[in-house]
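These are the residues of each chain, in order.
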Amino acid sequence: MIQRMRPLPPPLEGITVVAVEQAVAAPFATRQLADLGARVIKVERIDGGDFARGYDTAAGGLASHFVWCNRGKESIALDLKDERGLDVVRRLVADADVFVQNLAQGAAARLGLDAATLCAAHPRLIAVDISGYGASGPYADKRAYDMLVQCEAGLVSVTGTPEQPVKAGIPAADIAAAMYAFSGVLAALVRRGATGCGGPVEVSMLEALAEWMGHPLHHAMHGGTPPARTGLAHSVIAPYDSYPTADGGRVLLSVQNDREWRRLTEQVLAQPELGADPTYATNAARVANRAGTDAHVAKALGTLDADEAVARLEEAGIACARLRDLHEVAEHPQLAARERWREVGTPVGPLRTLLPPITLPGGAEADLGDVPALGEHTEALLRAVGMTDELIAALRRDGVAA
């Protein structure tokens, strides 16, 4: 009789993270850790908490940024300008494996919560400083928000149309920094397992996003010419763009080589002669004659509805995609077929959310914890660090804890 093996535990089970965090970069990093089983204690301001709580009310009355970045955490609300509030954080850190902060440059150091100070006091602690531009250099003290860093890193210069640069529609600089902070913590945990020592981890939004700019940056540095902004088109491949369909949809297709172009002309455009026409036969020719190339593709796809266009393209072996809006993404057939949607508890009731994209076959499914109310876990955490009823009452009375 074959005995069924138990699922492996979450990989970060037993790891405790304390985070003095706000907005997106640090909260998104620590949410990844929570998704993998870490206990994440989120330290928030008493006067409204993480300011991302107030960005909007789109998620059933809660802020969409906050719901996205903060499931599975415990919230404690403290005034860190009061020494008693700061003492609570120090007590929490003393028992933690990881500390993460993304306060304004210099603020953590003034509080004694910078990575260097904390790691000197706690050699096994992994302490992460996330900043806009890094701790040194002429931009060290410059205020850094996602859109500003997208501009400084050059992302905006390559995104948009020839007439108009645009920022990315998601907080790309925040997400880049978050994911490097996340992977930095994982690497430091592996190193600590081998050496017993933790240590600082530093991540800046500018350096993270500059790394993501690798292709256009190397193209410009070594080729001399920055890639042109081309909207949904590709600067050096044609056809590679979105095209309207008869039902009002749009379908994006990409022809990667001349064999694919010939298949497209024969099986979708019904103009096989274009496959050998010197004006279109090679990619270089099609790029040089992009307007004509696009006109032929648009004419053919404009007679089909989106589903039929995708079916024809796929049958011809042409890479393609529907240009979906966000409501369509929420009902995406692939996400549904792979059962990627779950519900998490929030202060306003259950809300849909995606499973984390890291899947560990053989392990238990990620336990997606609730999105916390501000200070929901304050009392329990104060008791956990040894506070008596009288001390807790005094902290609440004096506005140090909420």
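As a reminder, the structure under discussion sits directly above these lines.
Residue numbers run consecutively from 1 along every chain, following the written order of its sequence. Restriction of local features to residues with pLDDT of at least 70 applies here, the model being predicted, together with a cutoff of 80 or more for giving and counting side-chain atom pairs; totals for whole chains, interfaces and linings are based on all residues. Based on all heavy atoms of the structure, the side-chain values leave hydrogens and waters out of the count.

A. The pattern of salt bridges, seen in detail. The term salt bridge refers to a pairing of a side-chain nitrogen on Lys or Arg with a carboxyl oxygen on Asp or Glu at a separation within 4 Å. Scanning the entire structure with this criterion turns up 23 salt bridges. Between Arg 45 and Asp 47 there is a salt bridge, with the nearest N and O atoms lying 2.8 Å from each other. Take Arg 45: its relative accessible area is 34%, and that puts it in the partly exposed class. For Asp 47, a relative accessible area of 56% corresponds to the exposed category. A salt bridge links Arg 342 to Glu 365; the nearest nitrogen and oxygen atoms lie 2.8 Å apart. Any residue under 20% of the maximum accessible area for its type is buried, any over 50% is exposed, and the rest in between are partly exposed; the area is computed with a 1.4 Å probe on protein chains only.

B. Quick peek at the layout of surface pockets. Put simply, the largest pocket is a space of about 1,100 Å³. Residue lining of the largest pocket: 27 residues in total, with Trp 68, Trp 341, Arg 352, Thr 353 and Leu 354 positioned closest to the centre. Breaking the lining of the largest pocket down by element, the ones donating at least two residues are helix H1 (25–35), helix H2 (64–69), helix H14 (326–330) and strand E11 (351–354). When residue character is reported, Ala, Val, Leu, Ile, Met, Phe, Trp, Tyr, Cys and Pro are called nonpolar, Asp, Glu, Lys and Arg charged, and the others, Gly included, polar. Tallied by class, the residues present in the lining of the largest pocket amount to 17 nonpolar, 6 polar and 4 charged. With a 1 Å grid spanning the protein atoms alone, the term cavity applies to any set of points in which a 1.4 Å probe fits but cannot get out, the term pocket to an open set with protein on both sides within 12 Å along at least five of seven lines, and the term lining residue to any residue with an atom within 4 Å of a point. Grid points are joined across faces, edges and corners, and a volume is the space filled by probe spheres set on the points. Helix and strand labels come from DSSP, where a helix needs a run of H or I of at least four residues and a strand needs a run of E of at least two; each type is numbered from the N terminus.

C. Representation of the sheet that holds strand E8 (residues 250–254) within the structure. Sheet architecture is open: 3 strands sit in the order E7-E8-E9, paired in antiparallel fashion. Two strands lie at the open edges of the sheet, namely strand E7 (240–244) and strand E9 (319–322), each paired on one side alone. The average undirected angle you get between the axes of adjacent strands in this sheet is 25°. DSSP calls a pair of strands paired once it identifies at least 2 bridges connecting them. Looking at chain direction, E7 and E8 are connected through 5 bridges and run antiparallel. Pairing of Ser 242 across the sheet is with Leu 252, part of E8. Docked against the sheet, helix H12 (residues 290–301) engages E7 and E8, running at close to 40° with respect to E7. Taken strand by strand, helix H13 (residues 306–315) contacts E8 and E9, and its axis lies near 165° from that of E9. Orientation is described by lines fitted to C-alpha atoms, with helices fitted over the stretch in contact, and by angles between N-to-C directions that extend from 0 to 180 degrees. Any two residues having at least one pair of non-hydrogen atoms within 4.5 Å are treated as being in contact.

D. Focus on the packing of aromatic side chains. When the centres of two rings from Phe, Tyr and Trp lie within 6.5 Å, Trp using its six-membered ring, the rings pair. Their planes under 30 degrees apart give stacked, over 60 give edge-to-face, and anything left gives tilted. In the structure shown here, the tally under the stated rule is 4 aromatic pairs. When the centroid spacing of 4.8 Å and the interplanar angle of 40° are considered together, the rings of Phe 28 and Trp 68 count as tilted. Taken as a pair, Phe 28 in helix H1 and Trp 68 in helix H2 lie far apart in primary sequence, 40 residues in all. Take Trp 68: its relative accessible area is 29%, and that puts it in the partly exposed class. Where Phe 51 meets Tyr 55, the ring centres are 6.1 Å apart and the plane angle is 45°; that geometry is what we call tilted. Our definition puts a charge over a ring when NZ of Lys or CZ of Arg is within 6 Å of the ring centre and also within 35 degrees of the ring normal. In this arrangement the basic side chain of Lys 142 is found over the ring face of Tyr 139, its NZ or CZ atom lying 5.4 Å from the centre. The ring centre of Trp 341 lies 4.1 Å from the NZ or CZ of Arg 352, which sits over that ring.

E. Looking closely at helix H3 (residues 83–94). A helix's residues, less one, multiplied by 1.5 Å, set its expected span. For H3, with 12 residues, the first-to-last C-alpha span of 16 Å sits near the 16 Å given by 1.5 Å per residue. Looking only at H3, the buried set comprises Gly 85, Leu 86, Val 88, Val 89, Leu 92 and Val 93. Summarising the axial view, the buried residues of H3 lie within an arc of 150°, below the 170-degree limit, and thus occupy one face. Capping the start of H3 is the job of one residue whose side-chain oxygen sits 2.8 Å from the backbone nitrogen of Arg 84: Asp 82. Arc, as used here, means the arc of the directions from the helix axis to the C-beta atoms. Distance and chemistry together define a polar contact, namely a pair of N or O atoms within 3.5 Å, with one atom able to donate a hydrogen and the other to accept it when in protein, and with adjacent residues in sequence counting only for side-chain atoms on both sides.

F. The packing of H1 against helix H7 (residues 172–195), seen in detail. Taken N-terminus to C-terminus, the directions of H1 and H7 make an angle of 40°; their axes are 8 Å apart at the nearest point. Considering their axes alone, H1 and H7 lie oblique with respect to each other. The hand of the H1/H7 crossing is right-handed. Contacts between H1 and H7 involve Ala 25, Phe 28, Ala 29, Gln 32 and Leu 33 from the former and Asp 174, Ile 175, Ala 177, Ala 178, Met 179, Ala 181, Phe 182, Val 185 and Leu 186 from the latter. When the residues that make up the contact of H1 with H7 are grouped by side-chain class, the tally is 12 nonpolar, 1 polar and 1 charged. These descriptions rest on fixed angle ranges, namely under 35 degrees for roughly parallel, over 145 for roughly antiparallel, 65 to 115 for roughly perpendicular, and the rest for oblique. Here a crossing is called left-handed whenever its near helix is offset anticlockwise from the far helix by less than a right angle, and right-handed whenever the offset is clockwise.

G. Structural view of the sheet that holds strand E6 (residues 199–204). Read from one edge of the open sheet, 6 strands run E3-E2-E1-E4-E5-E6, paired in parallel fashion. Across the chains shown, the open sheet's two edge strands, defined by having one partner strand only, are strand E3 (73–77) and E6. Along the sheet, successive strands turn relative to each other by an average axial angle of 20°, direction set aside. Bridge count for strand E5 (residues 126–131) against E6 is 6 bridges, and the pairing is parallel.

So far we have only geometry, and geometry alone does not tell us how the molecule works.
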